[in-house]
Amino acid sequence: MEQIPVMVNGLPGNMATVAAEAIINNENTFIVPYSFTGEKHKGQRASVRQTEIFLIAPDEMDVFARIKNAFPGMIIMDFTAPNAAEKNAMTYIANGIPFVMGTTGWNTEKVAKAIELGSIPAVIAPNLAFEITAIMEAFKFVSENFPGLMSSYSLNVVESHQEAKEDVSATAIAAVKILEPFGYKRKLVISVRDKKMQAEMGIPEKNLSGHAYHTYVFLGEENAEIMITHNIRGRGPYAEGAVKAAIFLSGKKGIGRVFSVIDVMAG
């Protein structure tokens, strides 16, 4: 298999860095030595596994055009910021470049419509970890096949991520929506970003800067309680899922469609 060029946008951010490492480590991909970044990092360089990557701003379209021409067949991974995601995605679409969007906390509706009207495939997902995606599918199956089962229960969700994450967990938001057919009477989503509270939750100190803890609790009458938990320490599972999504998209060129992680998992 010929190696696929992948541009990882969002460096020197933590998630983008882990994703770039995964691209470098995968035998089927190689890293494009440029990355969209924020204004404060523009003109700088990032080093990932001894690979030097030049940081550019998304509005440097002359540079971007040269990158596109220099790396035919390029796929983009976006781990930038919510306020940049839509503009970035529309840039990728306009330039005919398939992309994996791992940035969360933005409205994808406009971008999804633009993709479906064109010929660029993309994977846009609130969670790129295959394991968590499978759990969400299990939630969907149970809630749709047993509607109203939890109508007398309340749903409490506690999600914890590193303090730098400003938005509410997209995975938690998605889970609440998926579980709606259950018919819970109330819902409460609690986001934890305080390191002291996270330590009290049992999160290892080395993972306070990168983790995703989620607990869903159905509280019913007569002290009935049903709890489901999934905890990810580090960013590795998301990066590996993003790499697989990029490889998947390389075989879908010319198709104007937003693919899901389930599509990627199914091959």
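Please read all numbers here as calculations on a predicted model, not as lab measurements.

What exactly am I supposed to notice about the overall build of the chain here?
Along the chain, the regular secondary structure elements total nine helices and 13 strands. Relative to the globule expectation of 18 Å for 267 residues, the C-alpha radius of gyration of the chain, 19 Å, shows essentially globular dimensions. With the C-alpha coordinates of the chain rotated into their principal frame, the extents come out at 65 × 40 × 30 Å. The buried share of the chain, taken over its 267 residues, is 46%. Carbon and sulfur atoms form 51% of the exposed surface of the chain, whose accessible area is close to 13,200 Å². In the chain, the 25 positive side-chain charges and the 28 negative ones have mean positions that sit 2 Å from each other.

Would you mind showing me how to read the side chain of Asn88 here?
Within the secondary structure, Asn88 sits in helix H3 (residues 82-94). Residue Asn88 is classed as buried on the basis of its relative accessible area of 2%.

Please clarify how unusual backbone geometry should be interpreted in this entry.
When glycine is set aside, most residues are seen to have a negative phi, and most peptide bonds are trans. A cis amide bond, omega 10°, links Leu11 with the succeeding residue Pro12. Phi angles above zero are rare outside glycine, and Gln50 is one such case at about 65°. In this structure, Gln50 sits in the loop between strand E4 (45-48) and strand E5 (51-56).

Could you clarify how one ought to interpret the packing of aromatic side chains in this entry?
By convention here, two paired aromatic rings are described through the distance between centres and the angle between planes. A complete count under the given rule lists eight aromatic pairs for this structure. Their ring planes at 50° and their centres at 6.2 Å tell us that Phe30 and Phe71 sit as a pair that is tilted. Taken together, the residues span a long stretch of sequence, with Phe30 in strand E2 (residues 29-31) and Phe71 in the loop between helix H2 (61-70) and strand E6 (75-78) at a distance of 41 residues. A centroid spacing of 5.8 Å and a plane angle of 80° characterise the contact between Phe182 and Phe218, whose relative ring orientation is edge-to-face.

Would you mind going over the side chain of Thr91 with me for this structure?
For Thr91, the position within the fold is in helix H3. Non-local contacts of Thr91, meaning those with residues more than four positions away in its chain, are made with Met61 and Phe64.

Honestly, the layout of surface pockets in this entry has me stumped. Any pointers?
Over the atoms, a rolled probe matching the size of one water molecule traces out where space is still vacant. Estimates place the volume of the largest pocket at around 1,300 Å³. Those elements that place two or more of their residues in the lining of the largest pocket are helix H1 (14-25), H3, helix H6 (170-178) and strand E11 (211-219). The greatest single-element share of the lining of the largest pocket, amounting to five residues, is contributed by H3. Estimated volume of the second largest pocket: approximately 670 Å³.

Can you walk me through the pattern of salt bridges in this structure?
Note on pairing: side chains with opposite charge can pair once their charged atoms come close. A full pass over the atoms with the stated rule returns seven salt bridges. Between Lys110 and Glu86 there is a salt bridge whose closest N-O contact spans 3.5 Å. In this pair, Lys110 is assigned in helix H4 (residues 109-116) and Glu86 in helix H3, connecting sequence segments 24 residues apart.

Is there a simple way to think about the pairing of E5 in this case?
Two faces, one strand: in a regular strand the side chains alternate between the faces of the sheet. Examined bridge by bridge, strand E3 (residues 34-36) and E5 share three bridges and lie parallel to one another. Bridged to Ser35 within E5 is Leu55. Pairing of E4 with E5 involves four bridges; the strand directions are antiparallel. Each bridged residue has a counterpart across the sheet, and for Ser47 the counterpart in E5 is Glu52. Here E4 folds back onto E5 in antiparallel fashion, the turn holding two residues, of which Arg49 has a positive phi close to 50°.

Can you walk me through the sheet that holds strand E12 (residues 225-233) in this structure?
By definition, the strands of a sheet pair up through backbone hydrogen bonds, in either a parallel or an antiparallel sense. Spatially, four strands are ordered E10-E9-E11-E12 in an open sheet, and the strand pairing comes out mixed. Because the sheet does not close on itself, it has two edges, and the strands there are strand E10 (186-192) and E12. If you compare each strand with its neighbour and ignore which way they point, the axes differ by 10° on average. Two strands pair when backbone bridges link them, and strand E9 (residues 154-161) and E10 are joined in this way by seven bridges, in the parallel orientation. Bridging across to E10, Ser160 finds its partner in Val192.

Thresholds applied
- Residues numbered from 1 in each chain as written.
- Predicted model: local features only at pLDDT ≥ 70, side-chain atom pairs only at ≥ 80, totals over all residues.
- Heavy atoms only, no water.
- Helix = DSSP H or I, 4+ residues; strand = E, 2+ residues; numbered from the N terminus.
- Rg over C-alpha atoms; globule rule 2.2 N^0.38 Å.
- Buried < 20%, exposed > 50% of the residue type's maximum accessible area, 1.4 Å probe, protein only.
- Areas by Shrake-Rupley, 256 points an atom, 1.4 Å probe, with all protein chains shown as cover.
- Lys, Arg positive; Asp, Glu negative; His and termini not counted.
- Charge placed at Lys NZ, Arg CZ, Asp CG, Glu CD.
- Phe/Tyr/Trp six-rings, centres within 6.5 Å; stacked < 30°, edge-to-face > 60°.
- Contact = heavy atoms within 4.5 Å.
- 1 Å grid on protein atoms, 1.4 Å probe; cavity = no way out; pocket = protein on both sides within 12 Å on 5 of 7 lines; lining within 4 Å.
- Points joined across faces, edges and corners; volume = space filled by probe spheres on them.
- Salt bridge = Lys/Arg side-chain N within 4 Å of Asp/Glu carboxyl O.
- Pairing = 2+ DSSP bridges.
- Axes fitted to C-alpha atoms, helices over the stretch in contact; angles between N-to-C directions.

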